[in-house]
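Coordinates in review
What follows is each chain in one-letter form.
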Amino acid sequence: GEDVEQSLFLSVREGDSSVINCTYTDSSSTYLYWYKQEPGAGLQLLTYIFSNMDMKQDQRLTVLLNKKDKHLSLRIADTQTGDSALYCCAERRRGSQGNLIFGKGTKLSVKP
Amino acid sequence: DGGITQSPKYLFRKEGQNVTLSCEQNLNHDAMYWYRQDPGQGLRLIYYSQIVNDFQKGDIAEGYSVSREKKESFPLTVTSAQKNPTAFYLCASSIGLKEAFFGQGTRLTVV
């Protein structure tokens, strides 16, 4: 199976919360990241969490990490149409020399 | 402003041609990376470099070559040996083991 897995699509209404999920397989992961990608553009780092943390909050974004289940989630509060994009989960493994392993990305569509 | 600059934004290659994608960073980052993105797939690592004059193959290095003569620059050459080069190419850099910052990408199309 894939090293990092995400649902491919998520659709929400403007003002609702969005929750994007990610599972990974390597327990040696040190950092886990969420990137946002607009069409035809590069990846923008949204937030990251160190593996010894359970939760990190940054304005409208909340990251939850369940190390036991190797599950990472990104919650976007009060989702706006400008949040529509591809959201990519990535992990950095211990000893990987800095390489990131990416999921395929979840395409978030926000309907007005 | 500090950042990573990729050029060109769009690139067209004829069959059998080599083309070079540029990546420059002024973040003073030691590590630089090249990823390839295809529709419906996650980013895949082509090559990476942790230090000047040194680089390693990633998961899909065949048909690609790189150089790292300067800290700021990490150009990627797509050779004629790469049989399916049409893709979106992303360059990134990082310092230590922290987050990687990405350029805006180059879309390469074979014509």
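Each remark here, short or long, concerns the structure printed above.
Residues numbered from 1 in each chain as written. Chains lettered and ligands numbered in written order. Predicted model: local features only at pLDDT ≥ 70, side-chain atom pairs only at ≥ 80, totals over all residues. Heavy atoms only, no water.

**Quick notes on the overall build of chain A**
Of the regular secondary structure elements, chain A holds zero helices and eleven strands. Of the regular secondary structure in chain A, the N- to C-terminal order runs β-β-β-β-β-β-β-β-β-β-β. Over its C-alpha trace chain A gives a radius of gyration of 13 Å, about what one expects of a compact globule, namely 13 Å for 112 residues. Overall, the C-alpha framework of chain A stretches about 45 × 30 × 25 Å when taken along its three principal axes. Expressed as a percentage of the 112 residues in chain A, the buried residues total 46%. When the accessible area of chain A is evaluated, it comes to approximately 5,500 Å², of which 47% is carbon and sulfur surface. If the 14 positive side-chain charges of chain A are averaged to one point and the 13 negative ones to another, these points end up 2 Å apart. (Helix = DSSP H or I, 4+ residues; strand = E, 2+ residues; numbered from the N terminus. Rg over C-alpha atoms; globule rule 2.2 N^0.38 Å. Buried < 20%, exposed > 50% of the residue type's maximum accessible area, 1.4 Å probe, protein only. Areas by Shrake-Rupley, 256 points an atom, 1.4 Å probe, with all protein chains shown as cover. Lys, Arg positive; Asp, Glu negative; His and termini not counted. Charge placed at Lys NZ, Arg CZ, Asp CG, Glu CD.)

**Quick look at the interface of chain B and chain A**
Of the residues lining the interface, 21 residues belong to chain B; the matching set on chain A comes to 19 residues. Buried surface at the junction of chain B and chain A, both sides included, amounts to about 1,700 Å², of which 52% is carbon and sulfur. Counting across the interface, chain B meets chain A through zero salt bridges. The tally of links between chain B and chain A comes to five residue pairs in polar contact (both at pLDDT 80 or more). Residue assignment for the side of chain B that touches chain A shows that the elements contributing at least two residues are strand 4 (31-37), strand 5 (44-51), strand 9 (87-94) and strand 10 (100-102) of chain B. For the side of chain B that touches chain A, the residue count by class is ten nonpolar, eight polar and three charged. (Contact = heavy atoms within 4.5 Å. Buried area = accessible area lost by both parts, 1.4 Å probe. Salt bridge = Lys/Arg side-chain N within 4 Å of Asp/Glu carboxyl O. Polar contact = N/O pair within 3.5 Å; in protein donor to acceptor, adjacent residues only side chain to side chain. Nonpolar A, V, L, I, M, F, W, Y, C, P; charged D, E, K, R; others polar.)

**Digging into the state of the cysteines**
Counting across every chain of the model gives two disulfides over all chains. Disulfide pairing places B:Cys23 opposite B:Cys91 at an S-S distance of 1.9 Å. Its torsion about the S-S bond being -75°, the disulfide of B:Cys23 and B:Cys91 is classed as left-handed. Of this pair, B:Cys23 sits in strand 3 (residues 19-25) while B:Cys91 sits in strand 9, placing them 68 residues apart in sequence. Accessibility expressed as a relative area gives 1% for B:Cys23, which makes it buried. The closest cysteine sulfur to the non-disulfide-bonded A:Cys88 is located on A:Cys89, 8.8 Å from its own sulfur. A relative accessible area of 1% places A:Cys88 in the buried class. (Disulfide = S-S within 2.5 Å.)

**Here's the deal with the pairing of strand 6 (residues 55-58) of chain A**
Residue and element names in this part refer to chain A. Relative to strand 7 (residues 61-66), strand 6 is paired through four bridges, and the arrangement is antiparallel. Across the sheet, the residue bridging to Asp58 is Leu61, located in strand 7. From the end of strand 6 to the start of strand 7, which pair antiparallel, there are two residues, and Gln59 there has a positive phi angle of about 55°. (Pairing = 2+ DSSP bridges.)

**Some points on the sheet that holds strand 7 (residues 64-66) of chain B**
All names here are of chain B. Taken together, four strands build an open sheet; the order of strands is 1-3-8-7 and the sheet is antiparallel. Every interior strand has two partners, whereas the edge strands, strand 1 (4-7) and strand 7, have only one. Here the average twist between neighbouring strands, direction ignored, is 20°. (Axes fitted to C-alpha atoms, helices over the stretch in contact; angles between N-to-C directions.)

**Digging into the environment of B:Thr20**
Inspection of the secondary structure puts B:Thr20 in strand 3. Among the polar contacts made by the side chain of B:Thr20, one reaches the side chain of B:Thr77 at a distance of 2.9 Å.

**A few points about unusual backbone geometry**
Residue and element names in this part refer to chain B. Looking along the chain, the bond that leaves Ser7 and enters Pro8 is cis, with omega of -10°. The residue Pro8 is located in the loop between strand 1 and strand 2 (10-13) in this model. Phi angles above zero are rare outside glycine, and Asn53 is one such case at about 65°. Mapped onto the fold, Asn53 is located in the loop between strand 5 and strand 6 (54-57).

Everything listed is a geometric property; what it means functionally is a separate question.
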